[in-house]
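Survey of secondary and tertiary structure
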Amino acid sequence: MSERWWESAVFYQVYPRSFQDSNGDGIGDLEGVRQRLDHLQWLGVDAIWLTPIMPSPDDDCGYDVSDYRDVHPELGTLDDLDRLLHDAEARGIRVLLDVVPNHTSDRHPWFRDPAREDWYVWTDRPNNWVSVFGGPAWDFDQQRGRYYLHQYLPSQPDLDWWNPAVRREFLEILRFWFDRGVAGFRIDTANRIIKDRELRDNPPVTPDMHPVAARLGQRPLYTTDRPEVHDIYREWRRLCQTYTPERALVGETWFFDLQRLAAYYGDDDELQLCFNFLLTHSAFQADVMRGVVESTELALPAFAWPCWALSNHDVSRFVTRWCGGDERRARVAMTMLLTLRGAPFLYQGDEIALTDQPVPPERKRDPLDLRMPGRGRGRDPERTPMPWAAGPGAGFTEPGVEPWLPIGSDWRSVADQRADPGSFLNFTRGLLAQRRANPDLRSGAYQTLESPPGVWRYQRGAGTVVTLDFERWEARIESSSAGAGTDS
Ligand code: GLC
Ligand code: CA
């Protein structure tokens, strides 16, 4: 097995609350993930990333942690996790968790512990920083008579990463999970964790900013991507390197500037994978997509392995966002994801071309949506449960049980698609098999080939050519080195 295993792996993001409910309470859980390992193995993925499984009051669906060394009771126990790790390993599947180092829940005991007051960021005179979730980033704490920083919800106070005690604590937390056999971590909001020590005001938006980034109304100069963040990740990487196999770090690196993204790979001594959201947030057009990939290839240092995702739990599903529900377009997108150079991350449901499912106002759970209604669509539609089979409960939960989010009905279930050789699910599985069998696709260099407008052609390695036709919605992989090519 390769030492740099993350370079040959296909990853799959599991949103545990919506994957499989094993005990009929309508909430997916770790035992449910274990029971569905068959599906993941059959599909052919090498590693799964579980979004947060730690105890949490769920103000932000688990991204507000109240204990970094346990499992959320709704999701199971540490024993359940051990069983999952064990069974996953037996199938050659690695398990990554999600770590949230920027903030805790305000109900984490640290936040009220007088001995740990300096673990958080406090001020008497709030600056102009704004919360990603709307409004000022500072809230007044009656008890302490000072303002604390929260870049997300007021109930998600930011930790102070200038404090060496915080740094030591997180190294211990990583060690706790690595020792159990966890293969790595996706790092939540990785580029924001350390802030300007002098708490200087952020400058106004500049015209060169990506419109998505400009939504905040200011340039996050002093709240994101501070130079000191790299010291932290160098330490984390050194810890990863003390394990065999090496543990992997995947950054939620939210950048529209590829130079800054590239910096998180360090000198091959920081994160092994950094999500490239420029692609995820691009228009689904041949020249735009090609441009992102070409500039990524130029920006990343030679050792760095790119990292791509079409969907995740924070954005509208690609089949809705890019393809308007059209499966032919979705096949072009999936072919792209699984033939680009780099680590592909499938989001649960991507493999069956799942679309965003409607969530009526009274069933909404996303705090972002509840806090800023009208801002947009909220994040619930991409977090609805996996439809495993037709019928009540959809194989996700027991019939008659109300799942935590509605399952919707605009889908073809996993079981249904598995039985149909021409289905999207079998198409995706076929791509995964091709990728595994063809070293060009796994590790070959990327090179753009000439093509007519609306078509993107590229070569991987010595003998594999991929054609993505954004006009006729066709995708083709032709390989001279690894046997027959396939059409779709
Ligand atoms: C990340 C997570 C998102 C969460 C936020 C705050 O962006 O992916 O779901 O709301 O961080 O933790
Ligand atoms: Ca359950």
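Above this text is the structure in question.
This text gives an overview of the structure that appears in the document. Computed from a predicted structure; not experimentally measured. (Residues numbered from 1 in each chain as written. Chains lettered and ligands numbered in written order. Predicted model: local features only at pLDDT ≥ 70, side-chain atom pairs only at ≥ 80, totals over all residues. Heavy atoms only, no water.)

Pairing within the open sheet is antiparallel, and its 3 strands lie in the order β4-β6-β5. On the outer flanks of this sheet lie β4 (122–123) and β5 (138–141), each paired with one strand and no other. Here β5 runs beside strand β6 (residues 146–149); their pairing, made up of 4 bridges, is antiparallel. Pairing of D139 across the sheet is with Y148, part of β6. (Pairing = 2+ DSSP bridges. Helix = DSSP H or I, 4+ residues; strand = E, 2+ residues; numbered from the N terminus.)

Moving on to the coordination of the calcium ion (ligand 2). For a metal with four tetrahedral donors the ideal donor-metal-donor angle is 109.5 degrees, while six octahedral donors give ideal angles of 90 or 180 degrees. On the protein side, the calcium ion (ligand 2) has D21 (OD), N23 (OD1), D25 (OD), I27 (O) and D29 (OD) as donor atoms, found 2.2 to 2.4 Å from it. Here the donor residues of the calcium ion (ligand 2) share one chain and are spaced in sequence as D-x1-N-x1-D-x1-I-x1-D. (Donors = N, O, S within 2.8 Å, 3.2 Å for Na, K, Ca; no water.)

This part takes up unusual backbone geometry. What you tend to see is this: most non-glycine residues have negative phi, and most peptide bonds are trans. The linkage connecting T244 with the following residue, P245, adopts the cis geometry, with an omega of -10°. The backbone of D225 shows a phi angle near 55°, a positive value even though the residue is not glycine. Mapped onto the elements of the fold, D225 is located in the loop between α6 (211–214) and α7 (229–240). According to the relative accessible area criterion, D225 is buried, its value standing at 16%. (Buried < 20%, exposed > 50% of the residue type's maximum accessible area, 1.4 Å probe, protein only.)

In the vicinity of ligand 1, the contacting residues are D60, Y63, H103, F133, Y152, R186, D188, E252, H313, D314, R379 and R383. At 3.0 Å from an oxygen atom of ligand 1 is found a side-chain nitrogen or oxygen belonging to H103. Residue R186 places a side-chain N or O atom 2.9 Å away from an oxygen atom belonging to ligand 1. Here ligand 1 has 310 Å² of accessible area as a free molecule, and 95% of this is covered by the chains. (Near = heavy atom within 4 Å. Polar contact = N/O pair within 3.5 Å; in protein donor to acceptor, adjacent residues only side chain to side chain. Areas by Shrake-Rupley, 256 points an atom, 1.4 Å probe, with all protein chains shown as cover.)

Once that is clear, we can look at the sheet that holds strand β10 (residues 307–309). Taking strand neighbours across the sheet as the criterion, the 8 strands line up as β9-β8-β7-β3-β2-β1-β11-β10 in an open arrangement whose pairing is parallel. Looking along the sheet, the strands with just one partner apiece sit at the ends: β9 (273–274) and β10. Those strands touched by helix α5 (residues 164–180) are β3 (94–99) and β7 (184–187), and its axis lies near 135° from that of β7. Across the sheet, helix α12 (residues 327–339) touches β10 and β11 (343–347), and the angle it forms with β11 is around 140°. (Contact = heavy atoms within 4.5 Å. Axes fitted to C-alpha atoms, helices over the stretch in contact; angles between N-to-C directions.)

For H103, the position within the fold is in the loop between β3 and α4 (109–112). A distance of 3.5 Å separates the side chain of H103 from the side chain of Q156, its partner in a polar contact. With sequence-adjacent residues up to four places away left out, H103 is seen in contact with Y63, Y68, Y152, Q156, P157, D158, L159, D188 and T189.

Following the criterion strictly, the structure yields 43 salt bridges and no others. For R186, the salt bridge is made with E252, and the minimal N-O distance between the two is 3.4 Å. With R186 in strand β7 and E252 in the loop between β8 (248–251) and α8 (258–262), the pair connects residues that are 66 residues apart, well separated along the chain. A salt bridge links D268 to R237, with the shortest nitrogen-to-oxygen separation between them at 3.6 Å. Placement of the pair is D268 in the loop between α8 and β9 and R237 in helix α7, with a sequence separation of 31 residues. (Salt bridge = Lys/Arg side-chain N within 4 Å of Asp/Glu carboxyl O.)

This part is about helix α10 (residues 286–299). One turn of an α-helix holds 3.6 residues; hence residues three or four places apart share an orientation. For α10, with 14 residues, the first-to-last C-alpha span of 20 Å sits near the 20 Å given by 1.5 Å per residue. Turning to α10, its buried residues number three or more, namely A286, M289, V292, V293, T296 and A299. (Expected span 1.5 Å × (residues − 1).)

Ranked by size, the top nonpolar core spans 144 residues in total, and within it W236 and W456 carry the most contacts. No other element matches the 8 residues that α5 contributes to this core. Residues in contact with W456, not counting those within four places in the same chain, are A286, M289, R290, V293, M336, L340, Y446, S451, V466, T467, L468 and F470. One finds V121, W129, W138 and Y222 within the second-largest nonpolar core, a separate group that totals 6 residues. (Core = buried A, V, L, I, M, F, W, Y, C linked by side-chain atoms within 4.5 Å.)

Turning to the packing of helix α3 (residues 78–90) against α5, a few remarks are in order. Helix packing for two helices is described by the angle between their axes and how far apart those axes are. Relative to each other, α3 and α5 sit at 50°, their axes nearing to 10 Å. One element, α3, and the other, α5, form an angle in the oblique class. Residue-level inspection shows L78, L81, D82 and L85 of α3 in contact with α5, the latter providing F176, W177 and R180. Across the contact of α3 with α5, the residue classes break down as 5 nonpolar, no polar and 2 charged. (Parallel < 35°, antiparallel > 145°, perpendicular 65-115°, else oblique. Nonpolar A, V, L, I, M, F, W, Y, C, P; charged D, E, K, R; others polar.)

So, about the environment of L298. Mapped onto the elements, L298 comes out in helix α10. Each C-alpha atom of the pair L298 and G430 lies 30 Å from the other, and the pair is 132 residues apart in sequence.

This part takes up the packing of aromatic side chains. Applying the stated criterion to the full structure yields 39 aromatic pairs. On the basis of an interplanar angle of 70° and a centroid distance of 5.1 Å, the ring pair of Y68 and F170 is categorised as edge-to-face. In this pair, Y68 is assigned in the loop between β2 (47–50) and α3 and F170 in helix α5, connecting sequence segments 102 residues apart. Residue F170 is classed as buried on the basis of its relative accessible area, which comes to 0%. Geometrically, the ring pair formed by F111 and W122 is stacked, given 5.9 Å between the ring centres and 5° between the ring planes. You can see F111 sitting in helix α4 and its partner W122 sitting in strand β4, a full 11 residues away along the chain. Across the pair, exposure class does not vary: F111 and W122 are buried alike. Site record: aromatic cluster; members linked through ring pairs are W5, W6, F11, W49, W254, F256, F275, F277 and F345. We note R17 situated over the ring of W404; from NZ or CZ to the ring centre the distance is 4.8 Å. Directly above the aromatic system of W322 lies the positively charged group of R321, at a separation of 5.1 Å from the ring centroid. (Phe/Tyr/Trp six-rings, centres within 6.5 Å; stacked < 30°, edge-to-face > 60°. Lys NZ or Arg CZ within 6 Å of the ring centre and 35° of its normal.)

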